[in-house]
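Inside the fold
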Amino acid sequence: MKSKNKSFYFLAPFLIVICLILLGPKSVNAQEVEDEREFDYLAKSEKGPRKWGEIRKEWAACNSGTMQSPIDMSHERVRIISSKPDKRYYRVCNATVRNRGHDIQWHGDAGSILINGTDYSLRYAHWHSPSEHTIHGRRYDMELHLVHTSTEPNVRNNIAVVGVFYKIGKPDKFLSKLMTNISSITDRGDKEESLGMIDPNDIKLRSKRYYRYMGSLTVPPCTEGVIWTINKKVKTVSRDQVKLLREAVHDYAEENARPLQPHNSRDVYLYGPGLQTDI
C-alpha cells in the first residue's frame, strides 16, 4: 500500500491507548473497532460513513442511533452553566507506539478525570483531521480525542471523551516528543516501539471553558451514551506534524473526520467560571 501520494491520504483514527486496565476477559464498551481497514471515510465508498451501520450488525448504531457524534455546537443551541473545571488526575506511565493502523499504548495507570462525582480512567486517544466537531459551523485543522471509561457498576454512561481542537501554527510540544517514534514505525505494519515514560499532563489541557453533551464514539461501533467534553481553547499544530500523522499509518481517505450527525434536539452546555448569559 506504499505510494508517493500517501501523504494525501489521511490516517485512520491515530490512537494513543492509555492504561489498558487488565481486569480479566471482560470487554470494555469504549473499545473501537480493532481493524480499521474494515471501514473508510470516502463519501461514495461501500465502506464509507453512510454504510458503516450495514457492514457489521454490531455497528448498527452508526446508522440507526439517535445520539450520534460529532455534532455542530451552534451558539443558539448552547445552554450556559457557570462552574469550575473538571478535576484531572493524570500521571506518568510507560508507553509504546504501535502501528496497527491507529495506536500508541500506555502500560500502567495514567490517571483519570472526575465528572459529576465519578472517576473515568484515561484509556486511549486519537487524532482526526480536520476536526469532527464544529463550533457555530467552524471546522478546525485537527481534533484530539482522549477516551476515558468508568468501571463502576452503577454508572450508566461509562464512556467519557475529552475533545481538543487544533489549528495550524506552532508545533504541538506533546506531539514533538513522539515524532521520532512515529516516524520509525511508518510503513512497518505492526511494529512496536517503546516511548518510555510519558506524562499525559504534557498535552496541556488547561481550558477553563468547555462544551458538554451526550453522544457516541465517532468510529464503529458508534457506541452511544458517551459524555462528550469539548475544550473551548484551541491549541496549535504544525503542518509537518499533521503530514507525518498522515503518513504514519495506512489509510484510504484524504480526511478521517466523520460527517456531522443530526442534532436531534440534544442539550449542549457551555461550562466555565464566571459565565453569564452570553458566550
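Residues numbered from 1 in each chain as written. Predicted model: local features only at pLDDT ≥ 70, side-chain atom pairs only at ≥ 80, totals over all residues. Heavy atoms only, no water.

As named in an unreviewed UniProt entry, the protein chain is Carbonic anhydrase, taken from Rehmannia glutinosa. A UniProt comment under Cofactor (unreviewed entry) is attached to the protein chain, and it reads "Zn(2+)". The record in UniProt for the protein chain states the following under Sequence similarities (unreviewed entry): "Belongs to the alpha-carbonic anhydrase family." (UniProt positions renumbered as here; feature names shortened; annotations may be inferred.)

**Description of the pattern of salt bridges**
Summed over the entire model, instances satisfying the criterion amount to eight salt bridges. Where Glu 38 meets Arg 56, a salt bridge forms, and the shortest distance between an N and an O atom there is 3.2 Å. Taken together, the residues span a long stretch of sequence, with Glu 38 in the loop between strand S1 (14–17) and helix H1 (52–55) and Arg 56 in the loop between H1 and helix H2 (61–64) at a distance of 18 residues. Relative accessible area serves as the criterion here: at 30%, Arg 56 is assigned to the partly exposed category. (Salt bridge = Lys/Arg side-chain N within 4 Å of Asp/Glu carboxyl O. Helix = DSSP H or I, 4+ residues; strand = E, 2+ residues; numbered from the N terminus. Buried < 20%, exposed > 50% of the residue type's maximum accessible area, 1.4 Å probe, protein only.)

**A short note on the environment of Thr 134**
Within the element layout of this structure, Thr 134 appears in the loop between strand S7 (118–128) and strand S8 (142–149). For Thr 134, a relative accessible area of 2% puts it in the buried group. Linking Thr 134 and Asp 72, residues 62 residues apart in sequence, is a C-alpha distance of 4.7 Å. When sequence neighbours within four positions are dropped, the list of residues in contact with Thr 134 reads Ile 71, Asp 72, Met 73, Arg 139 and Leu 260. Here the side chain of Thr 134 touches Asp 72 through a polar contact of 2.5 Å, side chain to side chain. (Contact = heavy atoms within 4.5 Å. Polar contact = N/O pair within 3.5 Å; in protein donor to acceptor, adjacent residues only side chain to side chain.)

**Here we look at a positive patch on the surface**
A cluster of basic residues, Lys 170, Lys 173, Lys 204, Arg 206 and Lys 233, forms a positive patch on the protein surface. One can find Arg 206 in the loop between strand S10 (192–198) and strand S11 (210–216). (Patch = residues over 30% accessible without salt bridge, like charges linked within 9 Å, V, L, I, M, F, W, Y side chains within 5 Å. Areas by Shrake-Rupley, 256 points an atom, 1.4 Å probe, with all protein chains shown as cover. Lys, Arg positive; Asp, Glu negative; His and termini not counted. Charge placed at Lys NZ, Arg CZ, Asp CG, Glu CD.)

**With respect to unusual backbone geometry**
Here Ser 129 and Pro 130 are connected by a cis peptide whose omega angle stands at -5°. As for its position among the elements, Pro 130 is in the loop between S7 and S8. At the junction of Pro 220 and Pro 221, the peptide bond is cis and its omega measures out at 15° in the coordinates. Note on placement: Pro 221 falls in the loop between S11 and strand S12 (224–231).

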